[in-house]
Amino acid sequence: MKTILPLLLVATACLGDLATDPILYPYGPSEGDRITPRKDDGATSAIPISTPFVFFGKKHNSLYVNNNGVISFGVAVSKYTPDAFPLTDGSPFVAPYWGDVNNQIAGKVYYRESKDPNLLDRISKDMKEYYPNFNYRATWAFVATWDKVAYFGSRSKKTNTFQAVLTSNGKLAFIILNYGPITWTTGKASGGDPLTGLGGIPAQAGFNSGDKTHYFNIPGSRTPDIVNIKKTSNVNTPGRWVFEVDRFRPAGGCVYEANFVRYNETFWKDPTCEMKCKCNMDGDVECEEEWCSSNLLCQSSTWHYTCRIGIGQCF
Ligand SMILES: *[C@@H]1O[C@H](CO)[C@@H](O)[C@H](O)[C@H]1NC(C)=O
């Protein structure tokens, strides 16, 4: 017994370190992850990426991983109290959990670019479930994981674990936000209680495209409810939120010049009804030359044109 017991204890401790929430994709030194500087409000320098990431129509060739729970494009982010999206300064942001992290007190922020077939298979399989019409095969991913990170001014042992995954096949782009245990919402400098990490202006989750119209605040953002984010989802998987971000494509249809078009709906885009358009099941509007049939008239509708039986027309 005397020799076995310490061995068992060691084994248990190791397992405890490795056991991660199954919602999180693998991360850590064993995956080849790097870590961000251990610095309050710190960030990486610009990280070049080998596949450009298309974020709402804009291609990005590099990104920053910011300690305060944000991946940003163009500039690093040191702001610790979150602002509601859309941001007035137009910065493109992916924010799994924007709040006042302090990784000098506890935790690490890991990141890696990956083309590991095991990871890409797993992402592709998940995306097939969420977007069955897309037949998406990931060819690239970027994984950033905030592992057991503390909050600024902490006088507790509370930590949060969360992850942001960017993935692309060269054309489509998605973000996947995954939540492990979330126990604090607010740093001391944002009005939070050092003993609980709650109160003040709580964390914000979602994304901001930078164009002021395409953004999303995960419900509960900047309210005390954000501490329950692990129980929420838009893909029927508690603790996971998934968004297509290459361009704005709402569930159930397409967007044509800022107008919503349902799947399979057709319309003419020109006042002489020569180009007929359709929202296909991929969420794309496709147009081809097709005129009104001879017994119909081209008429203007709300924002488009349709071929209708003319008023007073006889057959
Ligand atoms: C649209 O049309 C396709 C092909 O005809 C069909 O498979 C699909 O179910 C339709 N979708 C909707 C939402 O009506």
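Computed from a predicted model, the values in this text were never measured in an experiment. (Residues numbered from 1 in each chain as written. Predicted model: local features only at pLDDT ≥ 70, side-chain atom pairs only at ≥ 80, totals over all residues. Heavy atoms only, no water.)

**Description of the overall build of the protein**
1) Next: A tally of regular secondary structure across the protein gives 2 helices and 20 strands.
2) Next: When its C-alpha atoms are laid out on the principal axes, the protein stretches across 100 × 40 × 35 Å.
3) Next: A total of 315 residues make up the protein; the buried ones form 47% of that total.
4) Next: Across the protein, contacts joining residues at least 24 apart in sequence account for 59% of those joining residues at least 6 apart.
5) Next: When the accessible area of the protein is evaluated, it comes to approximately 15600 Å², of which 56% is carbon and sulfur surface.
6) Next: Across the protein, the 32 positively charged side chains and the 30 negatively charged ones have centroids separated by 8 Å. (Helix = DSSP H or I, 4+ residues; strand = E, 2+ residues; numbered from the N terminus. Buried < 20%, exposed > 50% of the residue type's maximum accessible area, 1.4 Å probe, protein only. Contact = heavy atoms within 4.5 Å. Areas by Shrake-Rupley, 256 points an atom, 1.4 Å probe, with all protein chains shown as cover. Lys, Arg positive; Asp, Glu negative; His and termini not counted. Charge placed at Lys NZ, Arg CZ, Asp CG, Glu CD.)

**A short note on the domain arrangement of the protein**
1) Next: When cut into domains, the protein gives domain 1 (13–251) and domain 2 (262–308).
2) Next: Each of domain 1 and domain 2 has a C-alpha centre, and these two points are 40 Å apart.
3) Next: Inspection of the domain 1/domain 2 interface yields 1 salt bridge.
4) Next: With a closest N to O distance of 2.2 Å, Asp 284 and Arg 247 form a salt bridge.
5) Next: The interface formed by domain 1 and domain 2 contains 1 residue pair in polar contact (both at pLDDT 80 or more).
6) Next: Tallied by class, the residues present in the side of domain 1 that touches domain 2 amount to 1 nonpolar, 1 polar and 2 charged. (Domains from an automatic or database assignment. Salt bridge = Lys/Arg side-chain N within 4 Å of Asp/Glu carboxyl O. Polar contact = N/O pair within 3.5 Å; in protein donor to acceptor, adjacent residues only side chain to side chain. Nonpolar A, V, L, I, M, F, W, Y, C, P; charged D, E, K, R; others polar.)

**Considerations on the side chain of Asn 102**
1) Next: Topologically, Asn 102 is positioned in strand 6 (residues 101–102).
2) Next: If sequence neighbours within four positions are ignored, Asn 102 has contacts with Asp 40, Ala 150, Tyr 151 and Phe 152.

**So, the packing of aromatic side chains**
For any pair of aromatic rings, the description consists of the separation of the ring centres together with the inter-plane angle of the planes.
1) Next: Tallying each qualifying case throughout the model produces 28 aromatic pairs.
2) Next: Each ring, one from Phe 85 and one from Phe 93, has its centre 6.1 Å from the other, and the planes form 80°; the classification is edge-to-face.
3) Next: In this structure Phe 85 comes out as buried when scored by relative accessible area, which is 4%.
4) Next: Relative accessible area serves as the criterion here: at 4%, Phe 93 is assigned to the buried category.
5) Next: Seen in terms of ring centroids, Tyr 131 and Phe 174 are 4.9 Å apart; in terms of plane orientation they differ by 50°. Their pairing is tilted. Taken together, the residues span a long stretch of sequence, with Tyr 131 in the loop between helix 2 (117–130) and strand 8 (140–151) and Phe 174 in strand 10 (residues 173–179) at a distance of 43 residues.
6) Next: Under the relative-accessibility criterion, Tyr 131 is labelled buried at 19%.
7) Next: An aromatic cluster is defined as three or more aromatic residues linked by ring pairs; in this entry it consists of Phe 53, Phe 55, Phe 56, Phe 73, Trp 140, Phe 207, Phe 216, Trp 241 and Phe 243. (Phe/Tyr/Trp six-rings, centres within 6.5 Å; stacked < 30°, edge-to-face > 60°.)

**Topic: the site of the ligand**
1) Next: Taken together, Tyr 263, Asn 264 and Met 281 form the complete shell of residues around the ligand.
2) Next: Between Asn 264 and the ligand, the recorded distance is 2.4 Å, taken from a side-chain N or O atom to an oxygen atom.
3) Next: Look at the ligand: alone it shows 360 Å² of surface, and the protein chains cover 30% of it. (Near = heavy atom within 4 Å.)

**Quick word on the environment of Ile 201**
1) Next: Inspection of the secondary structure assignment puts Ile 201 in the loop between strand 10 and strand 11 (204–208).
2) Next: Judged by relative accessible area, Ile 201 falls into the partly exposed class, the value being 35%.
3) Next: Ile 201 sits 16 residues away from Thr 185 along the chain, and the two C-alpha atoms are 8.1 Å apart.
4) Next: Apart from the residues lying within four places of it in its own chain, the contact partners of Ile 201 are Thr 81, Pro 82, Thr 185, Thr 186, Ser 190 and Arg 222.

**What about the sheet that holds strand 4 (residues 70–72)?**
1) Next: If you trace the 6 strands from one edge of the open sheet to the other, you get 2-3-4-5-11-12, paired in antiparallel fashion. Two strands close off the open sheet at either side, each with one partner strand: strand 2 (47–55) and strand 12 (215–217). When strand polarity is set aside, the average angle formed by the axes of neighbouring strands in this sheet is 25°. (Pairing = 2+ DSSP bridges. Axes fitted to C-alpha atoms, helices over the stretch in contact; angles between N-to-C directions.)

**What about helix 2?**
1) Next: Over its 14 residues, helix 2 runs 20 Å from end to end, which matches the ideal 20 Å to within 8%, given 1.5 Å per residue.
2) Next: Every buried residue of helix 2 is accounted for by Leu 119, Leu 120, Ile 123, Ser 124, Asp 126, Met 127 and Tyr 130. Across the axial projection of helix 2, the buried residues extend over an arc of 165°, all falling on one side. What points out from helix 2, more than 90 degrees from its buried face, is the exposed set Pro 117, Asn 118, Lys 125 and Glu 129.
3) Next: For helix 2, the secondary structure elements touched by its buried residues are strand 7 (108–114), strand 8, strand 9 (160–168), strand 10 and strand 13 (240–244).
4) Next: Two to three positions downstream of the cap, the backbone nitrogen of Asn 118 sits 3.0 Å from a side-chain oxygen, assigning the N-cap of helix 2 to Asp 116. (Expected span 1.5 Å × (residues − 1). Arc of directions from axis to C-beta.)

**Section: the environment of Lys 39**
1) Next: Here Lys 39 shows up in the loop between strand 1 (34–35) and strand 2.
2) Next: The partly exposed category is assigned to Lys 39, whose relative accessible area is 49%.
3) Next: Residues Lys 39 and Thr 266, spaced 227 residues apart in sequence, show a C-alpha to C-alpha distance of 54 Å.
4) Next: When sequence neighbours within four positions are dropped, the list of residues in contact with Lys 39 reads Asn 67, Asn 103 and Gln 104.

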